[in-house]
Amino acid sequence: DKGAVLEWSPIAKCPNLVALGTKDSAGVGFDDFGGELELHLLDFSNSNSLSSTVLGKARANSRFSSIAWSQMAIHSGEFPYGLIAGGMVDGNIHVWDASRLAAGDS
């Protein structure tokens, strides 16, 4: 179990993508690396067994306090899946290219 903040994809061609940013302190101790952003593909084909596939992950220096996903309308050619921004508990903002994350690049 882990606490997370969630944001649905604003991209019309990718409505079944969600971004999760960890916000709990499950990794306290030597494994405490901060937070992690995960991009999930949700499978709605079988309503009896909703599942997801992790498309990509990225580590952050701090845990997530909030998350937002912009479609980057005027820059959609450069960022086809938009940008994901995380508000971190240390006061910083981190930004990820969602298409690179979906391709497995962190």
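Parameters at a glance
- Residues numbered from 1 in each chain as written.
- Predicted model: local features only at pLDDT ≥ 70, side-chain atom pairs only at ≥ 80, totals over all residues.
- Heavy atoms only, no water.
- Buried < 20%, exposed > 50% of the residue type's maximum accessible area, 1.4 Å probe, protein only.
- Helix = DSSP H or I, 4+ residues; strand = E, 2+ residues; numbered from the N terminus.
- Pairing = 2+ DSSP bridges.
- Patch = residues over 30% accessible without salt bridge, like charges linked within 9 Å, V, L, I, M, F, W, Y side chains within 5 Å.
- Areas by Shrake-Rupley, 256 points an atom, 1.4 Å probe, with all protein chains shown as cover.
- Salt bridge = Lys/Arg side-chain N within 4 Å of Asp/Glu carboxyl O.
- Axes fitted to C-alpha atoms, helices over the stretch in contact; angles between N-to-C directions.
- Core = buried A, V, L, I, M, F, W, Y, C linked by side-chain atoms within 4.5 Å.
- Contact = heavy atoms within 4.5 Å.

Draft legend 1. Broad picture of the pairing of strand β2 (residues 17-22). Among the 6 residues that make up β2, 6 are buried, leaving the element largely enclosed by the rest of the structure. By the alternation rule, side chains of β2 split into L17, A19 and G21 and V18, L20 and T22, which are all buried. Sheet analysis places strand β1 (residues 4-8) next to β2, joined by 5 bridges and oriented antiparallel. Paired with A4 across the two strands is T22, which belongs to β2. In this structure, β2 lies alongside strand β3 (residues 35-43), joined through 5 bridges in antiparallel fashion. What sits directly across from G21, in β3, is L37.

Draft legend 2. Broad picture of a nonpolar patch on the surface. Taken together, the side chains of L6, W8, F44 and L50 make up a nonpolar region of the molecular surface, amounting to roughly 450 Å² of accessible area. Relative to the helices and strands, L50 resides in the loop between β3 and β4 (51-60).

Draft legend 3. Focus on the environment of W96. Mapped onto the elements, W96 comes out in strand β7 (residues 93-97). Residue W96 is classed as buried on the basis of its relative accessible area, which comes to 9%. As for W96 and G86, which are separated by 10 residues in sequence, their C-alpha atoms are 8.5 Å apart.

Draft legend 4. Inspection of the sheet that holds β2 at higher detail. In spatial order, the strands read β1-β2-β3-β4; together these 4 strands make up an open sheet with antiparallel pairing. The outermost strands of the open sheet, each flanked by one partner alone, are β1 and β4. On average, each strand axis in the sheet is inclined to that of its neighbour by 20 degrees, with strand direction left out of account.

Draft legend 5. Spotlight on the pairing of β7. Bridge count for strand β6 (residues 83-88) against β7 is 5 bridges, and the pairing is antiparallel. Within the sheet, the bridge partner assigned to L83 lies in β7 and is D97. Hairpin connection, β6 to β7: the antiparallel pair is bridged by 4 residues, and G91 has positive phi, about 95 degrees.

Draft legend 6. Structural detail: the nonpolar core. Counting residues in hydrophobic clusters, the biggest one holds 17 residues, and the most contacted among them are A19, L37, F64, I67, W69 and I84. At 3 residues, the largest contribution of residues to this core is made by strand β5 (residues 64-70). If we skip the residues at most four places from it in the chain, I84 touches A19, L37, L39, I67, A68, W69, H94, V95, W96, A98 and L101.

Draft legend 7. Fine view of the sheet that holds β5. If you trace the 3 strands from one edge of the open sheet to the other, you get β5-β6-β7, paired in antiparallel fashion. Every other strand in the sheet has two partners, leaving β5 and β7 as the edge strands with one partner each. Averaged over all pairs of adjacent strands, the angle between their axes in this sheet comes to 20 degrees, without regard to strand direction.

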